[in-house]
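# Descriptive structure summary
Here is how the chains run, residue by residue.
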Amino acid sequence: MTKDSLAPKLKRSISSAAEPPGRNRAAPTAAITVEPELLIERILTLEIVRVTERAAVSAARLRGGGNEVEVDRAAVDAMRRELKKLPINGTVVIGEGERDEAPMLFIGEKVGTGNGPKVDIAVDPLEGTTLCAKNMPGAIATIAVAEGGTLLNAPDVYMEKIAIGPGYPPGVIDLDAPPHENIAAVARAKGVQPTAITVLILDRPRHAGLIAAVRHTGAAVSLITDGDIAGVIHTAQPNATGIDIYMGIGGAPEGVLAAAALRCIGGQMQTRLVLDTAETRKRAAEMGIRNPGKKYRIEDMVRGDCLFAATGVTTGSMLRGVRFHGEVIDTDTVVMRSTTGTVRRIETEHRQHAKFNL
Ligand code: VTB
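Below is a short write-up of the structure. Owing to the predicted nature of the structure, the values given are computational and were not obtained by experimental measurement. (Residues numbered from 1 in each chain as written. Predicted model: local features only at pLDDT ≥ 70, side-chain atom pairs only at ≥ 80, totals over all residues.)

### Overview of the site of the ligand
What counts here: As a rule, any residue with its backbone-derived C-beta atom within 6 Å of a molecule or strand is reported as near that molecule or strand. For helices the rule is a DSSP run of H or I covering at least 4 residues; for strands it is a run of E covering at least 2, with both sets numbered from the N terminus onward. Residues were grouped as follows: Ala, Val, Leu, Ile, Met, Phe, Trp, Tyr, Cys and Pro as nonpolar; Asp, Glu, Lys and Arg as charged; and all remaining residues, including Gly, as polar.
The environment of the ligand is formed by Glu-127, Gly-128, Leu-202, Arg-204, Asp-226, Gly-227, Asp-228, Ile-229, Gly-250, Gly-251 and Glu-254. At the level of secondary structure, the elements contributing two or more residues to the shell around the ligand comprise α6 (228–234) and β10 (245–251). Of the residues contributing to the shell around the ligand, the split by class is two nonpolar, four polar and five charged.

### Thoughts on the environment of Val-186
Note the following rule: In this scheme every C-beta is placed from the backbone, and a residue whose C-beta has 20 or more other C-beta atoms within 10 Å is buried, one with 12 or fewer is exposed, and one in between is partly exposed. Remark: residues whose backbone-derived C-beta atoms lie within 7 Å of one another are considered to be in contact.
One can find Val-186 in helix α4 (residues 179–190). Val-186 gets classed as buried once you count the C-beta atoms within 10 Å, which come to 24. Discounting chain neighbours no more than four positions away, the residues touching Val-186 are Ile-164, Val-172, Ile-173, Ile-197, Asp-244 and Ile-245.

### Notes on helix α2 (residues 68–84)
Worth spelling out the cut-off: Multiplying 1.5 Å by the residue count of a helix minus one yields the expected span of that helix.
Given a rise of 1.5 Å per residue, 17 residues ought to cover 24 Å, and the 24 Å separating the end C-alpha atoms of α2 matches this to within 8%. Listing the buried residues of α2 in full gives Val-71, Ala-74, Ala-75, Val-76, Ala-78, Met-79, Arg-80, Glu-82 and Leu-83.

### Overview of the pairing of strand β8 (residues 198–202)
In plain terms, the rule: In short, DSSP must find at least two bridges between two strands for them to pair. Note on handedness: a clockwise path from strand one over the helix to strand two, with the strands aimed away from the viewer, defines a right-handed crossover.
Within β8, four of the five residues are buried, leaving the element largely enclosed by the surrounding structure. Pairing geometry for β8 and strand β9 (residues 220–224), over five bridges, is parallel. From the neighbouring strand, Val-199 faces β9, where its bridge partner is Val-221. Between the parallel elements β8 and β9, the chain passes through helix α5 (residues 208–216) in a crossover that is right-handed.

### Considering the environment of Asp-203
Here Asp-203 is to be found in the loop between β8 and α5. For Asp-203, a count of 13 C-beta atoms within 10 Å gives the class partly exposed. Taking the C-alpha atoms as reference points, Asp-203 and Ser-222, 19 residues apart in sequence, are found 8.9 Å from one another. Non-local contacts of Asp-203, meaning those with residues more than four positions away in its chain, are made with Leu-223, Ile-224 and Thr-225.

### Details of unusual backbone geometry
In this model, Leu-105 sits at a positive phi of 55°, which is unusual for a non-glycine residue. Inspection of the secondary structure puts Leu-105 in the loop between β3 (89–94) and β4 (110–111). Look at Leu-105 and you get buried, because 22 C-beta atoms sit within 10 Å. You will see that Asn-135, though not glycine, has its phi angle at about 50°, which is positive.

Structural data, given as structure tokens:
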């Protein structure tokens, strides 16, 4: 946690109102006051739920239609519209792309009313565009909000990643160790054999060697076609998800969003940007990356306190998708806060469809 973190500074003050003479002394009433910036942060926890809910509903309306561009645009439009209303002075640092290639929610775009805390915003309005277009499990709308200047400004390149959930001693995993060493270390820490470990990996040809190496240890490989933000989050609840470790190369923006989630719920993650061409190195340099080979930990990617929210678009193992029932639209959201580690699961029934601009 940073020095100037928004850590809860709840002040318990005893009411000093004069007591009427002659009355029995009542127990002093404890008034809880919350510093103004903390109040806003607490309010934002619920406000950002609205943002991912709107994006999810707009994308879900078009799911299964096969058009990736359309579903993505619907989510981006809706998310941007909601973000504008937030009482923040926000800057998109992880968004739809660099300014010249993304008309909306581009990196550097200012969002919010301008009145409120200075915050960095990371968004993936539709994580799993293909999943949504094909109506397959696991598409989500997601956002992270952090103190201004504390999120890694990652270009939209690939990122090597390894992650485990909370409860392990520090330093159990190492991005640069071979898979069998990481699996053995996690198994040892968990008190099980490597055969009892499951590793989640994106199903891509680039992972053929990794998948073979993991299987060689006797550990199980669980493959996903997309959606590695949820993939990383799955490691935080191995008993429920059956996933112990996330490994492989995915998108850097998704890596920062996943790091924000783990910052809230605990866990370990190490990453490195894949800057293997002159063009990607140039883009990274333009975004302020001084050390291209740097191995990032969670606290390097999210250097301060943050909030993370995700709403299901299609039903997956983390969240149920949007349900349309005539009058009512149901959404499921998870929202987390690093200052307290609180995780809320919010099931919402929406009745006023006009607000969605569907
Ligand atoms: C992952 C995954 C995303 O991109 O980051 C992946 O989480 C990486 O890129 O859902 P490739 O598809 O090129 O492998 C997605 O699949 C799509 O954004």
